[in-house]
Amino acid sequence: MFNFFKKDEKPVEKAEQKEDKPKSFWNFSFDSLKRTISNTTSNLVDSVVSSVEEEEEFDDFILDDMEDLLIKADLGVGLASSITDKLRKQTKVKPSQIKQFLKDEFTEILKTAGSTDLNIDENGLNIFFITGVNGAGKTTLIAKLANNFRLSGKKVLLAAGDTFRAAAEEQLDIWAQRAQVDIVRKDGIDSAAVVFDAIKKAQNENYDILLIDTAGRLHNKRNLMEELNKVKSVIDKLAPNCLKESILVLDANTGQNGLSQAKLFTEAVQLTSVALTKLDGSAKGGIIIAIAKEFSLPVKLIGVGEKIEDLKLFNPNDFIEALFEKK
């Protein structure tokens, strides 16, 4: 699964970034995943199953209660209603089988949302356009992503494109130093100009990865969209084939509010995937399934801690198995 981070050949000018370290930092053990989403399991699976499985048959009262529990577990109204409506219209599935029914439903939803593998071109520049509201963890996710790519042998450049939030450029600069990667920072100027310079530098100096930070303020939706569109236009003009991922960063603790954020940024830019931060300890991991269903967006990255190495690739099969494994 992780072979796409390996390179057959490494140019001489990038040799200084090669490190003799095991390439296991993207991995996440099944037991660790279980612990990370244990609160989500209790909130999304255990509460629903325990409320239903002892009943003999489904009726409107039971299904209404189940729908409420699914909504409270951050599946969203639309998906919760869809699941319970499907149960209303059938007679084969019994309450005692609800756990397997939900497991099959969630598996299919994640499957149809698309591949969770990061798009990577091993022979060219890869631009990752990172969006999300302020406070979602964009900047630290970029740093963690940069660190993992560098440890994979990539030459990494950051673009400090959030030129409006106070100290955003300085914060990203500090993280760039910790991750030992380069940064283009031009405080106070238009974000599209920063991205322009970053793309030129990345092309001229043969970088593998360019990670672009963006503003995430929501108090003026129109200005936010205009700015993101300007940055996207710069990418399309200078490097039309290099934009590999347009990632929305969501805080797992936002729950159903993540759906409204996904809608906003889908309107602003053409998203390819989601990165879910602060999943460790959150009871609202059900948003992964809700976004997959509502927007056909796969979660590709999960933040599982505060350390710089605590960013992992999302594996939907492991997620479902961990979510439903018997205690």
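Located above this text is the structure these notes cover.
Residues numbered from 1 in each chain as written. Predicted model: local features only at pLDDT ≥ 70, side-chain atom pairs only at ≥ 80, totals over all residues. Heavy atoms only, no water.

Engineer: For this particular structure, what's the right way to read the overall build of the protein chain?
Structural biologist: The number of helices and strands found in the protein chain is 12 helices and 8 strands. Relative to the 2.2 N^0.38 estimate, which gives 20 Å for 327 residues, the radius of gyration of the protein chain is 21 Å and therefore close to what a compact globule would have. Dimensions of the protein chain, computed from C-alpha atoms along their principal axes, come out at roughly 70 × 45 × 30 Å. For the protein chain, the residues scored as buried account for 54% of the 327 residues in total. A separation of at least 24 residues holds for 78% of the contacts in the protein chain among residues at least 6 apart in sequence. Accessible surface, the protein chain: about 14,700 Å² in total, of which carbon and sulfur atoms supply 46%. Charge centroids of the protein chain, computed over 45 positive and 52 negative side chains, lie 4 Å from each other. (Helix = DSSP H or I, 4+ residues; strand = E, 2+ residues; numbered from the N terminus. Rg over C-alpha atoms; globule rule 2.2 N^0.38 Å. Buried < 20%, exposed > 50% of the residue type's maximum accessible area, 1.4 Å probe, protein only. Contact = heavy atoms within 4.5 Å. Areas by Shrake-Rupley, 256 points an atom, 1.4 Å probe, with all protein chains shown as cover. Lys, Arg positive; Asp, Glu negative; His and termini not counted. Charge placed at Lys NZ, Arg CZ, Asp CG, Glu CD.)

Engineer: Can you walk me through the pattern of salt bridges in this structure?
Structural biologist: Between side chains of opposite charge, a pair can form as their charged atoms come close. Evaluation of the coordinates by the stated rule reveals 17 salt bridges. With a closest N to O distance of 2.6 Å, glutamate 325 and lysine 34 form a salt bridge. In this pair, glutamate 325 is assigned in the segment after α12 (316–324) and lysine 34 in helix α1 (residues 30–36), connecting sequence segments 291 residues apart. Each of Asp60, Asp64, Asp85 and Arg88 takes part in salt bridges that share partners, so that together they form one network. (Salt bridge = Lys/Arg side-chain N within 4 Å of Asp/Glu carboxyl O.)

Engineer: Help me understand the pairing of strand β4 (residues 209–212), please; the structure alone is not making it clear to me.
Structural biologist: Residues in a regular strand point their side chains to alternate faces of the sheet. Going residue by residue along β4, you find Ile209 and Leu211 tucked away on one face and Leu210 and Ile212 tucked away on the opposite face as well. One ladder, built from 4 bridges, connects strand β1 (residues 126–131) with β4; its direction is parallel. Looking at the pairing, phenylalanine 129 lines up with isoleucine 212 of β4. In terms of strand pairing, strand β2 (residues 156–159) meets β4 through 4 bridges, oriented parallel. Within the sheet, the bridge partner assigned to leucine 158 lies in β4 and is leucine 211. (Pairing = 2+ DSSP bridges.)

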